[in-house]
Every structure is written in C-alpha cells, then in structure tokens.
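Given next are the chains, with one letter for each unit.
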Amino acid sequence: KPLYKIVKSILLFFFLSLFPRQKLLFDPPIFGEDTIRHTLFIQPQAQNHFFIIWLRVFTFIVYLRTRLKRSLFNHKNNRIMYQGIKTVSFEEAVKVVKSGDRIHIHSVACAPQGLIQALCARGRAGELKNIKLQHLHTEGSAPYAEQEFEGVFSLESFFVGGNVRKPTQEGWADYIPVHLSETQKLIRSGITPVDVAMIQVCPPDKHGYVSMGTSVDATLAAVQTAKTVIAVINPNVPRAWGDAIIKLSDIDIFCEDNTPLIEAHQAKLSEQDIKIGQHCAALIEDGATLQMGIGAIPNAVLSQLGNHKNLGIHTEMFADGVLPLYYKGVINNLNKKYDKGKIVSTFLMGSKEVYDFIDDNPAVAMMDVGYTNDPFIIAQQPKMTAINSALSIDITGQVNADSIGCKFYSGCGGQLDFIRGAAASEGGKPIIAMPSVTAKGVSKICPTLINGAGVVTTRFDAHIVVTEFGAVDLYGKTLQDRAKALISIAHPDHQEELDKAAFERFGSHFHFVTK
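Cut-offs applied
- Residues numbered from 1 in each chain as written.
- Predicted model: local features only at pLDDT ≥ 70, side-chain atom pairs only at ≥ 80, totals over all residues.
- Heavy atoms only, no water.
- 1 Å grid on protein atoms, 1.4 Å probe; cavity = no way out; pocket = protein on both sides within 12 Å on 5 of 7 lines; lining within 4 Å.
- Points joined across faces, edges and corners; volume = space filled by probe spheres on them.
- Helix = DSSP H or I, 4+ residues; strand = E, 2+ residues; numbered from the N terminus.
- Patch = residues over 30% accessible without salt bridge, like charges linked within 9 Å, V, L, I, M, F, W, Y side chains within 5 Å.
- Areas by Shrake-Rupley, 256 points an atom, 1.4 Å probe, with all protein chains shown as cover.
- Salt bridge = Lys/Arg side-chain N within 4 Å of Asp/Glu carboxyl O.
- Buried < 20%, exposed > 50% of the residue type's maximum accessible area, 1.4 Å probe, protein only.
- Expected span 1.5 Å × (residues − 1).
- Pairing = 2+ DSSP bridges.
- Contact = heavy atoms within 4.5 Å.
- Axes fitted to C-alpha atoms, helices over the stretch in contact; angles between N-to-C directions.
- Core = buried A, V, L, I, M, F, W, Y, C linked by side-chain atoms within 4.5 Å.
- Polar contact = N/O pair within 3.5 Å; in protein donor to acceptor, adjacent residues only side chain to side chain.

A. Summary view of empty space enclosed by the protein. This model, assessed by the stated rule, comprises one cavity of 30 Å³ or more. Counted as a void, the largest cavity has a volume near 30 Å³. Lining the largest cavity, in full, are Leu290, Gln291, Met292, Ile313, Thr315, Met317, Phe318 and Val322. Secondary-structure elements contributing two or more residues to the lining of the largest cavity are β13 (289-291) and β15 (317-318).

B. Molecular detail of a nonpolar patch on the surface. Together, Ile404, Tyr409 and Ile450 make up a nonpolar patch on the protein surface, roughly 280 Å² of accessible area in all. With respect to the helices and strands, isoleucine 404 occurs in strand β22 (residues 403-404). The exposure class of isoleucine 404 is partly exposed, given its relative accessible area of 48%.

C. Fine view of helix α5 (residues 113-124). Relative to the 16 Å expected for twelve residues at 1.5 Å per residue, α5 spans 16 Å between its end C-alpha atoms, a close match to the ideal helical length. Among all positions of α5, only Gly114, Leu115, Ile116, Ala118, Leu119, Cys120, Arg122 and Gly123 are buried. Directly beyond the C-terminal end of α5, a positive phi value near 75° is found at glycine 126.

D. Seen up close, the sheet that holds strand β26 (residues 464-467). Taken in spatial order, the six strands make up an open sheet running β14-β13-β19-β24-β26-β27, and their pairing is mixed. Both outer strands of the open sheet, β14 (312-313) and β27 (470-473), are each paired with one neighbouring strand and no more. With four bridges joining them, β26 and β27 adopt antiparallel strand pairing. For valine 466, the partnering residue across the bridge sits in β27 and is alanine 471. Contacts from helix α9 (residues 271-283) reach β19 (384-388), β24 (429-433), β26 and β27 within the one sheet, and its direction differs from that of β26 by about 150°.

E. Summary view of the nonpolar core. Grouped together as the largest cluster of nonpolar side chains are 73 residues, with contacts concentrated most on Ile246, Leu305 and Phe318. In this structure, Ile116, Ala142, Val232 and Ala401 belong to the second largest nonpolar core, which totals 36 residues.

F. The pattern of salt bridges, seen in detail. For the coordinates displayed, the defined rule picks out 16 salt bridges. Notably, a salt bridge pairs glutamate 156 with lysine 132, separated by 3.7 Å at the nearest N-O pair. Here glutamate 156 is found in strand β5 (residues 153-157), whereas its partner lysine 132 is found in strand β4 (residues 131-134), with 24 residues between them in sequence. Given a relative accessible area of 18%, glutamate 156 falls into the buried group.

G. Region of interest: unusual backbone geometry. Positive phi values are uncommon outside glycine, yet valine 108 reaches one of about 50°. The topology assignment puts valine 108 in the loop between β3 (102-105) and α5. Phi at asparagine 333 is positive, roughly 60°, even though this residue is not glycine. Of note, asparagine 333 is situated in the loop between α11 (322-328) and β16 (343-345). Asparagine 333 sits in the buried class, given a relative accessible area of 0%.

H. Local environment of the side chain of serine 89. The topology assignment puts serine 89 in the loop between β2 (85-87) and α4 (90-93). On the basis of relative accessibility, which here comes to 18%, the residue serine 89 falls in the buried class. A polar side-chain atom of serine 89 sits 3.1 Å from the main-chain amide nitrogen of glutamate 92.

Quick look at the structure:
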C-alpha cells in the first residue's frame, strides 16, 4: 500500500510539471504537510518557471525519502501505525502477562487467536506459570486447556464449549457454574478479578471509538476493570452498536490482524427438527418478544414464523435464522416495551452475513449481559417467549441442560435467566424444546435423571415442554399429572417403559390419573 502511494505520487508530479501555469484545485491526500503542499502547487510565474520546477523536484525528493525511511523503519521494527495508533506484534503484546495473572479472553468469534497462540508460545518456552484464564464460549483452538500446559495455564471457564469440553471432562481444565447474567458480576465484584483482558475490536472511527463487535457479554466488565487491556484491531470485526462501543483510551496495547472471523453455518433441518419447530411456532403469538439460541431447533422455529406479525428479539444470542424474518418485516421490534425497534443481544454466532448485518446497524444493540439476561428486564417485555433446549428431563419436570451424568457438556448459560423472566412476563411462555431421543435412540424423557446429571431448570420453574410429538404445559400440574403429560410426548418406543416407572414411583393410583 505505501509503495502504491509512492508510485502514484511520482506519476502525479510529472503530470503537474506538464502544466505549470494551470491553477490546480486538486488536493491529493498523500501531501499531508501544508508547507509541502504549498510548494508543490505554487503558481509559477513566467520569469522563474524553471526555478519553480527544480524546487518542486528537490522538495518532492526530500518528501519521498522521508516517507520511504518511515516505511522501512516501521517494517524493520515490526510496528505499523494504524490511523495514528502504534501497534505491536502479538509476541510483543503478551510480554505484559506475568506469572500469577488472571486473563479474560474475548468470546465466541472474537476470541483473538493471534494473542492466544503467542501466549501459549511463552508458556511452552517456560516463561510463565500459574496463569488463570477465563471466558465464555469461544470459537477456534484453545490449546491452553490441554494437559501440555499443566502448571502453566489453568482454564476456569464460564461455559464448557466444544473446544474445551474434552480437557474439562478429563480434569485438565475447570468450569465455574454461574448464570450467564452473573458472569459480569463475578468480574465487577472482584471475585474473579482480571489482570489482562484480550479482545478484538473493529478499526477506530473518527471520534476515537471502537466496537467489540459480535461479543459484549461479560467481556465489557473485563475491559472496564482489567489492569491491562490488549486489543487486536481487525477490519473483519463488525462495528456493532450499544454497549459494544468503547473508547480507544480504554485500551492499553494495540495489535493488528486481518483474519476473518470464524463462521457457523446452518445445518440442514431434519424432519424431526421441523416438527419441533412447528409445535413451538404454534405457541408463539403475534407481538411476542423472542429469545432463542443457535442450532437446529432455533432455526426450525424461526423457519415457521413467516406468517407472524410484530415480533421482537430480546435474547442472549442470535444467528442467521433471524435475518429473513427481519427483512420480511415479521421481526420489527415495535411491540417491545424496552428497546423498541431494536434487536437486543449480548453475543452472536453465525455466517459472515449476520456479521455484516450488525455492522454499523443502529437497529441492533449489542448489550452487557447484565442487561440482556436480567430477569427483571426480560419480564418487562410483552409476551416474552423463551425457547431453550435440554439434554434430558425427568417425569417430574427437572431439566438437565449442562451435563451428561458426571461429565459436564456445556453450562447453565442463560436458560434460567430467561425461563424466570418469561414466566414473569405478561403473556410470557417459558419453553424447553428438545428431540424425544438422543442420536443413539435413548429417551431424553426419563424416570429420573441419571447419576450426576445437574438440574439447570428446577421442577418449580418448568412450564412448557416440546418434542416432535407435541407440547405440554407442566405449570400448576401435580407430579402424577406431569408424568402423564411428559410420557404423552415421549417417543412411542419408550412410553411403556416410562409408564411402568411412573407406576412404580407413584403407586397404583397413577393409572387413574387422566392425561
């Protein structure tokens, strides 16, 4: 790019020399200094025409030499200037980390892989020990969680994502059980204090602000409280609005990268997914405010809402499935009490299309997780409809969504935040939607949760449960009524077994309970 500007300047100089008497109004941006610009574009008189031409030549040579010298200096020192901001290499940036520090890593697609790899290189070199790391779900590699770094890095995640699931289950990494709404509270209260925050941001605007793009969540709290903030300026990070906007002065060290953000593409919906989506869509009223996540079931639900009206989005995350409904006008957010006319989320994960959608879009507010997942705020939205998934549910309504037996699979996330918020909303509907069986054909509706399985949504908070075989509402029902209702939407291959287990648990009177 600098070479292109230099060549352009040379051609421009010779072009100007051909027309020494012409009054020029063109002011190319490459001539930044007023004195040089004045000298280059001075109007020559006939008596000193040749003197002016040679003055131009001399001035331009000095200017070109200065530009070239600066370019070579910056390249030699592995430093570049980004709109006046001094940036350093990833290796230089992570030198600020010292043994015993606690590091917060930006979430989902904004996880700064360049900084992560540079940090791990320091760990392999034996320069660090007893470093604690924390984050929500991240995309991309997470080598710091592996056995290789025992004694060097200790991951304490707020959510067990796929890239850290195996080391967490094996004990090389750990997990902090916490509601998503309270992850920021852990940081701000000093329970998990942050020494270094590593984030990605979009290029700065003319006012000196950048955006954290696709993920605000608890990372904003980390930026606000960390002793040192390292930011990677990446033009692929969308300039999201809302709480995502932060000042350049909030950042201590800058790096630069041009790596595209990791994308998550929609999988093809199965017949089972479509049936679940149809049952959920039948429960969603016009004017409702929606919360749902990413994956087959949320996409299946959204695909069935084309004939609805005046829907809104207040969620912890969204993906590509929202876009067709927004462009069609089905989602307009006009019936919301708070943030009318805006999609509200705290992070998102999807394709480049959804990243481009939020770029400089005032109709999308990326907010602090303490706001998006606050049950009180959620409850203010009319007809709040929260759709969450589960790994299993017992016949009394206990919902397991974070573990398979003693092995942690994901985390609490924001499920209970939205279940309780939707339950308190006027006309609200808390929904648990899941396939009736696992990929191996095991029933997800079971007599009791298997040993070690955690309860994320208690039987006291359970309301509507949906499978491909229908929807039932457990709220206000007795234990035996609940068992009957849940068995009715279990897979037919498992209904007899579940009925027998309920009979053994509740006694002979169970068979007299009507569905």
